[in-house]
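Secondary and tertiary structure notes
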Amino acid sequence: DAAQIRDIYEPFVTDSHVSFEEVVPDEPAMRERIEHYGKSHAWLVAEEDGRVLGYAYGCPHRTRPAYRWSAEVAIYVHPDARGRGVAKSLYGALFERLRGRGYHSLFAGVALPNDASIALHRSVGFEPVGVFRRIGFKNGRWCDTSWWQLQLTTGDDPPAELV
């Protein structure tokens, strides 16, 4: 699926501020990301008749040990598949997978403006936790990023080790 995933991701890199990457990863680099994050967190793909409609994945939120029960998530959907519930379905499956692996909190960064992404994250239970102002420079301008959090587990019990 790496080639189709790369094709979905490309316009987010080249034509928008949604991704702060400036160079589209090639197919081998995308395959490496899929394998790496699929092992450590999760990488899920929605398909229909062999065509990738979208993908979602989890990755480390921060590298220091105390953060190991938190993950950052991202989702990208092909323009032709938007409005069909693909994003909610992918996120639902991803959250269950991450919960099953012992993750406690999820975080999502949304480059602003992006009303559709904000609406999606609200609809699946994320809450806004802050805005990093003028944090990225892309397409000739400074961009803000809003940050969102979703608690996968509740309570104050110590975490189990990650599965």
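Everything that follows concerns the structure shown earlier in this document.
This section reports on the structure supplied with the text. (Residues numbered from 1 in each chain as written. Predicted model: local features only at pLDDT ≥ 70, side-chain atom pairs only at ≥ 80, totals over all residues. Heavy atoms only, no water.)

1. Observations concerning the overall build of the protein
Regarding its fold elements, the protein presents four helices and six strands. The C-alpha atoms of the protein give a radius of gyration of 16 Å, which matches the 15 Å a tight globule of 163 residues would have. Considered along the principal axes of its C-alpha atoms, the protein spans approximately 45 × 40 × 30 Å. Burial statistics for the protein: of 163 residues in total, 42% are counted as buried. Taking the contacts inside the protein whose residues are at least 6 apart along the sequence as the reference set, 61% of them involve residues at least 24 apart. A total of about 9,300 Å² of accessible surface is found on the protein, and carbon and sulfur atoms cover 50% of it. (Helix = DSSP H or I, 4+ residues; strand = E, 2+ residues; numbered from the N terminus. Rg over C-alpha atoms; globule rule 2.2 N^0.38 Å. Buried < 20%, exposed > 50% of the residue type's maximum accessible area, 1.4 Å probe, protein only. Contact = heavy atoms within 4.5 Å. Areas by Shrake-Rupley, 256 points an atom, 1.4 Å probe, with all protein chains shown as cover.)

2. Digging into unusual backbone geometry
Residue Pro113 is bonded to the preceding Leu112 through a cis peptide linkage, with omega at -5°. The phi dihedral of Arg134 falls on the positive side, at around 50°, and the residue is not glycine. With respect to the helices and strands, Arg134 occurs in strand β5 (residues 127-138). For Arg134, a relative accessible area of 53% gives the class exposed. The phi dihedral of Asn139 falls on the positive side, at around 55°, and the residue is not glycine. Along the chain, Asn139 falls in the loop between β5 and β6 (141-151). Judged by relative accessible area, which is 52%, Asn139 ranks as exposed.

3. Examining the pattern of salt bridges
When the charged atoms of two side chains lie near each other, side chains of opposite charge can form a pair. Per the counting criterion, the structure on display carries eight salt bridges. A salt bridge links Arg33 to Glu21; its shortest N-O distance comes to 2.8 Å. Of this pair, Arg33 sits in helix α2 (residues 27-40) while Glu21 sits in the loop between α1 (2-14) and α2; the two residues are twelve residues apart in sequence, bridging distant segments of the chain. On the accessibility criterion, Arg33 (28% relative accessible area) is partly exposed. For Glu21, a relative accessible area of 24% corresponds to the partly exposed category. (Salt bridge = Lys/Arg side-chain N within 4 Å of Asp/Glu carboxyl O.)

4. A word on helix α3 (residues 86-100)
Its 15 residues place the ends of α3 21 Å apart at the C-alpha level, agreeing with the 21 Å of an ideal helix rising 1.5 Å per residue. Within the sequence span of α3, burial applies to Val86, Ala87, Leu90, Tyr91, Leu94, Phe95 and Leu98. Looking down the long axis of α3, one finds its buried residues gathered within 150° of arc, a one-sided arrangement. Of the residues in α3, the exposed ones pointing more than 90 degrees away from the buried face are Ser89 and Gly100. Just downstream of α3, Gly102 is the residue with a positive phi angle, here 95°. (Expected span 1.5 Å × (residues − 1). Arc of directions from axis to C-beta.)

5. Side note on the packing of aromatic side chains
Overall, the coordinates contain twelve aromatic pairs when judged by the stated rule. Note on Tyr9 and Tyr76: the rings are 5.0 Å apart at their centroids and 75° apart in plane angle, and the pair reads as edge-to-face. Of this pair, Tyr9 sits in helix α1 while Tyr76 sits in strand β3 (residues 70-77); the two residues are 67 residues apart in sequence, bridging distant segments of the chain. For the pair formed by Tyr9 and Tyr76, the shared burial category is buried. Taken together, a centroid distance of 4.9 Å and an interplanar angle of 65° make the contact between Phe12 and Tyr76 edge-to-face. Here the residue Phe12 occupies a position in helix α1, and Tyr76 occupies one in strand β3, the gap between them amounting to 64 residues. Here the two residues Phe12 and Tyr76 agree in accessibility, since each one is buried. The structure contains a cluster of three or more aromatic residues connected by ring pairs, namely Tyr9, Phe12, Tyr37, Trp43, Tyr55, Tyr57 and Tyr76. (Phe/Tyr/Trp six-rings, centres within 6.5 Å; stacked < 30°, edge-to-face > 60°.)

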